[in-house]
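Remarks on the overall topology
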Amino acid sequence: MPELPEVEVVRRGLHDHVVGRIVANVAVQHPRAVRRHIAGPADLEQRLTGATITGTARRGKYLWLVLDHEDALLVHLGMSGQMLVVPSGLAPSTHERVRFRFADDGPDLSFVDQRTFGHLMFDAGGAALPSVIAHIARDPFDAEYDVAAVAARIKKRRTGLKRALLDQSVVSGIGNIYADEALWAAQLHGARPTEKLTKPQIIRALDAAREVMAQALGQGGTSFDALYVNVNGASGYFDRSLHAYGQRDVPCARCGTPIRRESFMNRSSYSCPKCQPRPRNGRF
DNA sequence: CACAGCACCTGCCCGC
DNA sequence: TGCGGGCAGGTGCTGT
């Protein structure tokens, strides 16, 4: 589910609910949830136990909890991951993968993930960017994000525009939904070859991506429940504000032409046939 | 090296 | 009611 706005809502919730607390116990319920932690579940549990959570950070769709002793817990929610703040000792839900208990006996933290594409791993980098995500590019909300530089890089590539927007090593945080929304706003088809686009066109798409994610973040933030840290912030945005994604046959908000659905990489792309004409030699 | 395709999972919904 | 196929918002690995 989660793209940058949803992950940022989760980060903010975690910041409010777990920073300053001491981890008393970690229980990995499903080893796949920590598969990227090579030393194994027991090692992860042991390294986190006794640590104080001192802060939170995020890049793109990755977030991490900063720990004392210059360590960090890296989190990726995958397609279905949630970080829930639940009453202490609550029985695990069906898809709970990891449970954290704290020394203050306050609410637990539960990592729930139906499809198990998400994962947690320990990192020794502290507040600095974890080394395993060194390849993840800055996202549009990063203070050092340089839209002109990203556009220049995209123009040098030989691929389709949507592929480039989804490539987390070029610009991070954009997923299938916000890519489609950005392309709709920029009135560009995702199969447009990157090298044939002008730099202003690419910047238009990148700026649209940032704008649509900023709007989603605003709405996701307002639907945040004080008790639960969740990724449902997206649902409000889903229903009200999507112009393209999932809108097959719905009249385009700009011109009234029914939105079309195309298949791409075994997933769906939605666009307006009139506002976003498909290029002759497109690269989907 | 850059790029495209596929694997990795579970559950739901649809048509037959 | 059961079964098969399609679909779901992500990433990393592998082959070309």
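Per chain, the residues get numbers from 1 upward, laid out in the order the sequence is written. Think of it this way: whatever chain is written first is A, whatever ligand is written first is 1, and the rest follow in order. Residue-level local features of this predicted model are given only where pLDDT is at least 70; pairs of side-chain atoms are given and counted only at 80 or more, and the full residue set underlies all totals for whole chains, interfaces and linings. Hydrogens and water are ignored here; the side-chain numbers use all heavy atoms of the structure.

1. Quick word on the sheet that holds strand β5 (residues 81-86)
Strand order in the open sheet formed by four strands is β1-β6-β7-β5, and the pairing between neighbours is antiparallel. Among the strands making up the open sheet, the edge pair consists of β1 (23-28) and β5. Looking at each pair of strands side by side, their axes are set apart by 15° on average, direction ignored. Here, two residues are considered to be in contact whenever any of their heavy atoms come within 4.5 Å of each other. Every angle, taken between N-to-C directions, lies between 0 and 180 degrees, and every axis is a line fitted to C-alpha atoms, over only the stretch in contact when it is a helix. The secondary structure listing takes helices from DSSP runs of H or I that are at least 4 residues long and strands from runs of E that are at least 2 residues long, numbered from the N terminus. Against the sheet, helix α1 (residues 4-18) touches β5, β6 (96-102) and β7 (108-113), its axis set at about 25° to β5. Against the sheet, helix α2 (residues 41-48) engages β1 and β6, with an angle of about 170° to β1. Here, a strand pair is defined by DSSP locating no fewer than two bridges between the strands.

2. Things to note about the side chain of Ser268
Here Ser268 is to be found in strand β10 (residues 267-271). Within the structure, Ser268 has its side chain in polar contact with the side chain of Arg261 (distance 2.8 Å). Not counting the four nearest positions on each side in its chain, Ser268 is found in contact with Lys162, Asn176, Asp180, Arg261 and Glu262. Pairs of N or O atoms are called polar contacts if they sit within 3.5 Å, as long as, within protein, a hydrogen donor faces a hydrogen acceptor (for residues adjacent in sequence, only side-chain-to-side-chain pairs).

3. Observations concerning the protein's contact with DNA strand B
Nearness is defined per residue: one heavy atom within 4 Å of the molecule or strand is enough. Arg32, His95, Gln114, Arg115, Thr116, Phe117, Arg157, Arg158, Thr159 and Arg163 make up every residue found near DNA strand B. Backbone sugar and phosphate groups make up 72% of those atoms of DNA strand B lying within 4 Å of the protein. Residue Arg158 places a main-chain N or O atom 2.6 Å away from a phosphate oxygen belonging to DNA strand B. In this count, Pro and Cys sit with the nonpolar residues alongside Ala, Val, Leu, Ile, Met, Phe, Trp and Tyr, while Asp, Glu, Lys and Arg are called charged and the others, Gly among them, polar. Taken together, the residues that form the surface near DNA strand B break down as one nonpolar, four polar and five charged.

4. Details of the state of the cysteines
Put simply, a disulfide is two cysteine sulfurs that come within 2.5 Å. For the structure shown, the criterion picks out zero disulfides. Cysteine Cys272 is unpaired, with the sulfur of Cys255 as its nearest cysteine sulfur at 3.6 Å. Categorising residues by exposure relies on relative accessible area from a 1.4 Å probe, with only protein chains included: less than 20% of the type maximum marks a residue as buried, more than 50% marks it as exposed, and the intermediate range marks it as partly exposed. What makes Cys272 buried here is its relative accessible area of 0%. In this structure Cys275 is a free cysteine whose sulfur lies 3.6 Å from that of Cys272, the closest cysteine sulfur available. Given the relative accessible area of 12%, Cys275 is considered buried.

5. Regarding the domain arrangement of chain A
Each domain's extent was defined by an automatic or database domain assignment. One can read the domain layout of chain A as domain 1 (4-133) and domain 2 (147-271). Placing the centre of domain 1 and that of domain 2 at their C-alpha centroids yields a distance of 28 Å.

6. Some remarks on the confidence of the model for chain A
For chain A, mean pLDDT is 90; residues scoring 70 or higher make up 92% of the total. pLDDT measures the predictor's confidence residue by residue and takes values from 0 up to 100. At the level of individual helices and strands, chain A shows its lowest average pLDDT in helix α7 (residues 233-241), which scores 52, and its highest in β1, which scores 98.

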